[in-house]
Every structure is written in structure tokens, then in C-alpha cells.
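# Notes for the structure review
Spelled out, the chains give:
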Amino acid sequence: MLLAASVLLKGLAIPLLARIAWLDFTTQKISNQNVLLLLCLGLGSLQLLSMQSGSWWDMGLSGLAGFLLFVALFPFWAMRKIGAGDVKLMAVVPLLIGGSGLVVFSVLLLVFALATALIVKNPLMLPQGAFRLYVQHLDRKRVVPFGVPISLAAICTIAFQLYSNMMVHGGVPA
């Protein structure tokens, strides 16, 4: 029962992460409301998993990772190299995916962030059209919407966790 509720909370985070990615791409803004909702979904999911397992290790590791990411990225926000929404989103994602998902998330984030930066810095790689013009506009503004790769990496990590959970438990949890 607790596992099913945790899976539901993580599943609800996927469309929210997609919304965050879209809004960051189109407006270069990540709202506090969306980040707070992700935080609530993540903490709820982690708490349910911790209650089921009887161990708070994953929750503690996730909290520590979120805190360290916030502290490490805060100076980049102060130097205007990254947006405040990106810093807050990065601090919340470990609480959403859990400590056990940090390695998968980190690898995916690296791949998606490099791809995003490459596309924004080289928009001529894209086929002609409105999307290419918009990416060229982002390049002229010297803006990289990092909420997009953060959200994509989190979505893929959650999908991987849900798939792994189904394989281990033989389907949807009861």
C-alpha cells in the first residue's frame, strides 16, 4: 500500500516536470509554486518509502544531496550564470528521486545538459523553422534554459525507477 502511494506521487511529478521544462524553455522562468509542489511530492514519496523500509537513510541522503547542490549552485546564481529557479529545482530533485536514483539522474543530467547547451549554442544544427529561430533568439540573449535538461533527467530517472519497481515486484504494486 505504501509503495503504491509512493509510486503514485512520483508518477504525479512527471507531468509537473514536463510543465516546468516547457515553461522554462518558453519563458526562462521556473515558478516557486511548481518547485514547492515537486518538493511536497518528493518528500511524501520518500517518507512513504522510508516508513515501508524502516530506514531513513535514503531520505537523509536525498536531503544532504539537495542541500549540497543548493550551496554549490548558489554562487553561480549570485554571479548571474544560472537562474534562481534552476538552483531551486536542482536542490529539490534529489528529494523527488531519492538517494538511490542520484547516480542515474547525474548521468542523464550530464547528457541532457550537454545536448541542450550544444543546441542553444549551435542553433544552425537544427532544421529551419520556428523552433530554430527561437533557439537562435535564446543564443542571442545568452540564455540556456537548464530547467529543460534537469526536468528531462528527472523524468527519465523516475521512469527508470518505476520500470525497475515493476520488474522487481512483478507489475503494479498492490
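Just above, that's the structure.
Residues numbered from 1 in each chain as written. Predicted model: local features only at pLDDT ≥ 70, side-chain atom pairs only at ≥ 80, totals over all residues. Heavy atoms only, no water.

### Focus on helix H5 (residues 102–121)
- Given a rise of 1.5 Å per residue, 20 residues ought to cover 28 Å, and the 28 Å separating the end C-alpha atoms of H5 matches this to within 8%.
- All of the buried residues along H5 are Leu102, Phe105, Leu109, Ala113, Thr116 and Val120. Considered in projection along H5, the buried side chains sweep an arc of 70° and stay on one side of the axis. Set apart from the buried face of H5 by more than 90 degrees, the exposed residues are Val103, Leu110 and Leu114. (Helix = DSSP H or I, 4+ residues; strand = E, 2+ residues; numbered from the N terminus. Expected span 1.5 Å × (residues − 1). Buried < 20%, exposed > 50% of the residue type's maximum accessible area, 1.4 Å probe, protein only. Arc of directions from axis to C-beta.)

### Topic: helix H4 (residues 84–97)
- In this model H4 runs 21 Å from its N-terminal to its C-terminal C-alpha over 14 residues, within 8% of the 20 Å that 1.5 Å per residue would give.
- In terms of burial, H4 is largely enclosed, as twelve of its 14 residues are buried.
- All of the buried residues along H4 are Gly85, Asp86, Val87, Leu89, Met90, Ala91, Val92, Val93, Pro94, Leu95, Leu96 and Ile97.
- Tucked into the core, H4 has its buried residues touching helix H1 (2–27), helix H2 (32–53), helix H3 (57–78), H5 and helix H7 (147–169). (Contact = heavy atoms within 4.5 Å.)

### Regarding the nonpolar core
- Ranked by size, the top nonpolar core spans 29 residues in total, and within it Leu38 and Phe105 carry the most contacts.
- Those elements giving two or more residues to this core turn out to be H1, H2, H3, H4, H5 and H7.
- For this core, the leading source of residues is H4, giving seven residues.
- Among all residues touching Phe105, those that are not within four sequence positions of it are Met90, Val93, Ile97, Ile150, Ala153, Ala154 and Thr157. (Core = buried A, V, L, I, M, F, W, Y, C linked by side-chain atoms within 4.5 Å.)

### Some points on unusual backbone geometry
- Despite not being glycine, Gln28 has its phi angle at roughly 60°, a positive value.
- Mapping Gln28 onto the fold places it in the loop between H1 and H2.
- The exposure class assigned to Gln28 is partly exposed, which follows from its relative accessible area of 22%.
- Although it is not a glycine, Arg80 sits at a positive phi angle of roughly 65°.
- For Arg80, a relative accessible area of 65% translates into the label exposed.

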